[in-house]
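# Residue-level structural notes
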Amino acid sequence: MRDLEARINAAEALIFDCDGTLLKTPDLYTLGWQSAFGAAGLKMDADWYHARAGMSEHVLMDEFEAERGVTLDRSQTVRDLRKAVLRQMHTVAEIPAIASIARKYHDRKPVAVASGGPKAIVIPALEAAGLLPLFKSVVTMDDVANAKPSPDLFLLAAENLAIPAKACLVFEDSPQGLLAAERAGMSAIDVSGLM
């Protein structure tokens, strides 16, 4: 824990992933994807999703289509997914170990969210958990051309905070997010060791 505080104190800004890092959303998304794929007459196993939690919508659909040999109506699938997730948004909960870091430091240094999720879900999820006011910037997949593991989300978050990328510390739970932080030249903490 002392090492964590030293790393936080050394950083000029903190950037948090949202799903699976700040918020317990993987089960919410599992149900959302099952509903969306179900509407298309397809089944998705929960374990299949959990192995891919944190992927942006289109990257996940790329894998689903490739593995199943199917072609989805992507616009309809995304609409069905988001509708199902928003219907259950009242159940979203924070991950206390990570949300407490954002709360503790938000008035000491700039903090941002860089999420591979869509703004239409990320903003309501942060609002539902009472975390949205903590962040000076919330960057989502809608704001960049390339999803994680591209560094785009993290670089835009740093730019919005007016902090050099190398001075930012990222909190992430997914392999693609940790790789994106590395590609952005940022130090990162794998939050799975903190929960």
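Look up a bit, the structure's there.
Throughout what follows, the structure given in this document is the object of discussion. Just so it is clear, the structure is predicted and the values come from calculations on it, not from any experiment.

### Digging into the overall build of the chain
From N to C terminus, the chain includes nine helices and five strands. For the chain, the α and β elements follow one another from N to C terminus as α-β-α-α-α-α-α-β-α-β-α-β-α-β. Against the compact-globule benchmark of 16 Å for 195 residues, the chain has a radius of gyration of 16 Å, which places it among compact chains. Considered along the principal axes of its C-alpha atoms, the chain spans approximately 50 × 30 × 25 Å. Within the chain, the fraction of its 195 residues that count as buried is 51%. Long-range pairs, those at least 24 residues apart, make up 68% of the contacts in the chain with a sequence separation of at least 6. As displayed, the chain offers around 8900 Å² of accessible surface, 51% of which is attributable to carbon and sulfur atoms.

### Section: the pattern of salt bridges
Overall, the coordinates contain nine salt bridges when judged by the stated rule. When the shortest N-O distance is used, the salt bridge between Arg 82 and Glu 57 registers 2.9 Å. On the criterion of sequence distance, the pair formed by Arg 82 in helix α5 (residues 74-87) and Glu 57 in helix α4 (residues 57-68) is long-range, its members being 25 residues apart. What makes Arg 82 partly exposed here is its relative accessible area of 21%. Between Glu 172 and Lys 148 there is a salt bridge, with the nearest N and O atoms lying 2.6 Å from each other. On the criterion of sequence distance, the pair formed by Glu 172 in strand β4 (residues 168-172) and Lys 148 in the loop between β3 (137-139) and α8 (152-161) is long-range, its members being 24 residues apart. By relative accessible area, which is 0% here, Glu 172 ends up buried. Through salt bridges with shared partners, a single network forms among Asp 17, Lys 148 and Glu 172.

### Some remarks on helix α7 (residues 119-128)
Within the span of α7, buried status applies to Ile 121, Val 122, Ala 125 and Leu 126. Along the axis of α7, the buried positions cluster into a sector of 120°, meaning they face one direction only. Check the buried side of α7 and you find it contacts α2 (26-39), α5, β2 (111-114) and β3. Note on α7: the residue one or two positions beyond its end, Gly 130, has a positive phi of about 75°.

### Quick look at the sheet that holds strand β1 (residues 13-16)
Here five strands make up an open sheet; going across it, the order is β3-β2-β1-β4-β5 and the pairing parallel. Edge positions in the sheet fall to β3 and β5 (187-190), since each of these pairs with one other strand and no more. Ignoring which end each strand starts from, the neighbouring axes of this sheet average 20° apart. Sheet contacts for helix α9 (residues 175-183): β4 and β5; angle to β5, the most-contacted strand, approximately 165°.

### Some remarks on the nonpolar core
Within soluble globular proteins, side chains that are nonpolar generally end up buried alongside one another. By size, the foremost hydrophobic cluster in this structure holds 47 residues, and its most contacted members are Leu 14, Phe 16, Leu 22, Leu 126, Phe 135 and Phe 171. Non-local contacts of Leu 22, meaning those with residues more than four positions away in its chain, are made with Phe 16, Asp 17, Ala 93, Glu 94, Ile 95, Ile 98, Ala 99, Ala 102, Val 113, Leu 126, Leu 131 and Phe 135. Formed by 21 residues, the second largest nonpolar core is a distinct cluster that contains Leu 161, Ala 165, Ala 167 and Ala 184.

### Considerations on α8
Of the residues making up α8, those classed as buried are Leu 153, Phe 154, Leu 156, Ala 157, Ala 158 and Leu 161. A positive backbone phi angle near 60° is found at Ala 162, which sits one or two residues after α8.

### Comments concerning the packing of aromatic side chains
Geometry of an aromatic ring pair is reported as the spacing of the ring centres plus the angle between the planes. Overall, the coordinates contain five aromatic pairs when judged by the stated rule. With a centroid separation of 3.8 Å and 10° between ring planes, the pair formed by Phe 37 and Phe 64 is classed as stacked. On the criterion of sequence distance, the pair formed by Phe 37 in helix α2 and Phe 64 in helix α4 is long-range, its members being 27 residues apart. Here a set of aromatic residues connected by ring pairs shows up, and it is made of Trp 33, Phe 37, Trp 48 and Phe 64.

The rules we used
- Residues numbered from 1 in each chain as written.
- Predicted model: local features only at pLDDT ≥ 70, side-chain atom pairs only at ≥ 80, totals over all residues.
- Heavy atoms only, no water.
- Helix = DSSP H or I, 4+ residues; strand = E, 2+ residues; numbered from the N terminus.
- Rg over C-alpha atoms; globule rule 2.2 N^0.38 Å.
- Buried < 20%, exposed > 50% of the residue type's maximum accessible area, 1.4 Å probe, protein only.
- Contact = heavy atoms within 4.5 Å.
- Areas by Shrake-Rupley, 256 points an atom, 1.4 Å probe, with all protein chains shown as cover.
- Salt bridge = Lys/Arg side-chain N within 4 Å of Asp/Glu carboxyl O.
- Arc of directions from axis to C-beta.
- Pairing = 2+ DSSP bridges.
- Axes fitted to C-alpha atoms, helices over the stretch in contact; angles between N-to-C directions.
- Core = buried A, V, L, I, M, F, W, Y, C linked by side-chain atoms within 4.5 Å.
- Phe/Tyr/Trp six-rings, centres within 6.5 Å; stacked < 30°, edge-to-face > 60°.

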